[in-house]
Amino acid sequence: MATTKIHPTAVVDPRAEIAEDVEIGPFCVIGPGAKIARENKLISHVVVAGKISIGEKNIFHPFTVVGSDPQSKKQHDQIGAVEIGSKNEFREHVTVHAGTDARVTKIGSQNLFMVGSHVAHDVVVGSHCIFSNNVQLAGHSIVEDYAVFGGLSGIAQRVRVGESAFVAAGAMCEFEVPPFVVVQGDRARVRALNKVGLRRRGVDEATITLLNKAFRALFVAKENRAEAIHKLEKNPLVDRLIAAVAKKTL
């Protein structure tokens with residue numbers, strides 16, 4: 001029979017909804033608005049605040065804070081919520097803030113948030129992403145699936161990072177990051193196709209070849225971009241890259 005294990009030093013509000021087989025370690029604090037699904041592990045000194053829903057099998061390391069009020073000087077009529085999927089790992093000192101004005105900060109599944117990374121209010125994170133130490137996501141930013149971030153990189157407010165993009169260490173992104181590319185620098189610019197990330201994701205070599213042709217046509221060749229797009233072979237991932245580039249001239 002699965003049982004919930006709560007350390008005697010933990011403070012758990014009786015109104016919180018805690019499923020079976022959850023481990024809540026020493027000195028954790030769980031607020032009244034928490035809904036924690038089965039097989040979550042809160043190692044120690046974890047704070048779960050506000051209106052927050054947490055899926056199954058997540059791991060929270062010491063001094064993680066999830067669901068706290070947004071860092072915003074603006075007065076909000078109603079603080080929003082946080083929704084977290086399953087099988088994420090939150091390392092030490094990660095912070096995830098609630099949405100503003102009844103909006104929701106959302107995190108998908110199977111993401112890794114390394115030490116000190118920050119998810120601001122109203123951010124949407126997909127699944128299978130990796131955030132290295134001290135990555136900072138500003139409010140309302142969007143991160144699509146399989147994106148990877150080097151340490152100390154930052155995303156400005158309302159910026160979208162496309163799927164399978166690689167944001168290099170120290171990159172400061174103030175414009176939309178297209179899918180499947182590597183961006184680097186302050187201010188960050190597109191540098192290459194993220195072939196390593198695509199292969200790790202399991203994308204076949206034929207598709208990577210088509211994406212590389214599209215990348216060169218869109219970012220390297222001096223040919224008119226509209227004419228270059230017209231010549232590219234059709235492929236679902238190529239189409240996504242073209243659609244992203246069409247929204248913003250880089």
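Details of the structure are given in the entry above.
Everything in this summary refers to the structure shown in the same document. (Residues numbered from 1 in each chain as written. Predicted model: local features only at pLDDT ≥ 70, side-chain atom pairs only at ≥ 80, totals over all residues. Heavy atoms only, no water.)

### Re the sheet that holds strand 15 (residues 104–107)
On the basis of which strands lie adjacent, the open sheet formed by eight strands has the order 3-6-9-12-15-18-21-24 and parallel pairing. Two strands lie at the open edges of the sheet, namely strand 3 (17–18) and strand 24 (160–161), each paired on one side alone. In this sheet, strand 18 (residues 124–125) lies alongside strand 15 in parallel orientation, the contact comprising two bridges. Across the sheet, residue K106 finds its bridge partner in strand 18, namely V124. (Pairing = 2+ DSSP bridges. Helix = DSSP H or I, 4+ residues; strand = E, 2+ residues; numbered from the N terminus.)

### Thoughts on the sheet that holds strand 4 (residues 23–24)
Pairing in this open sheet of 11 strands is mixed, and the strands run 1-4-7-10-13-16-19-22-25-27-28 from one edge to the other. At either margin of the open sheet sits one strand with a lone partner, and together these are strand 1 (5–6) and strand 28 (189–193). In terms of strand pairing, strand 16 (residues 112–113) meets strand 19 (residues 130–131) through two bridges, oriented parallel. Bridge pairing links L112 to I130 in strand 19.

### Here we look at the environment of K74
Inspection of the secondary structure puts K74 in the loop between strand 11 (65–68) and strand 12 (81–84). For the pair K74 and A206, spaced 132 residues apart in sequence, the C-alpha to C-alpha distance is 50 Å.

### A few points about the packing of aromatic side chains
Each aromatic ring pair is specified by the distance between its two centres and by the angle formed by the two planes. Per the stated rule, a full pass over the model turns up five aromatic pairs. With a centroid separation of 4.9 Å and 10 degrees between ring planes, the pair formed by F131 and F149 is classed as stacked. Of this pair, F131 sits in strand 19 while F149 sits in strand 22 (residues 148–149), and the two are 18 residues apart along the sequence. A residue is classified by how much of its surface remains accessible, and F131, at 1% relative accessible area, is buried. Residues F215 and F219 carry aromatic rings whose centres are separated by 5.1 Å and whose planes lie at 40 degrees to one another, so their mutual orientation is tilted. One end of the pair is F215 and the other is F219, both in helix 2 (residues 205–220) and four residues apart, which spans about a single turn. An aromatic cluster is defined as three or more aromatic residues linked by ring pairs; in this entry it consists of F60, F90, F113, F131 and F149. Here the basic side chain of R225 rests over the ring of F219, its NZ or CZ set 5.9 Å away from the ring centre. (Phe/Tyr/Trp six-rings, centres within 6.5 Å; stacked < 30°, edge-to-face > 60°. Buried < 20%, exposed > 50% of the residue type's maximum accessible area, 1.4 Å probe, protein only. Lys NZ or Arg CZ within 6 Å of the ring centre and 35° of its normal.)

### Topic: the side chain of H121
Mapped onto the elements of the fold, H121 is located in the loop between strand 17 (118–119) and strand 18. Given the relative accessible area of 9%, H121 is considered buried. Among the polar contacts made by the side chain of H121, one reaches the side chain of D122 at a distance of 2.7 Å. Apart from residues no more than four positions distant in its own chain, H121 is found in contact with P70, Q71, H97, A98, G99, T100, T105, G139, H140 and Q157. (Polar contact = N/O pair within 3.5 Å; in protein donor to acceptor, adjacent residues only side chain to side chain. Contact = heavy atoms within 4.5 Å.)

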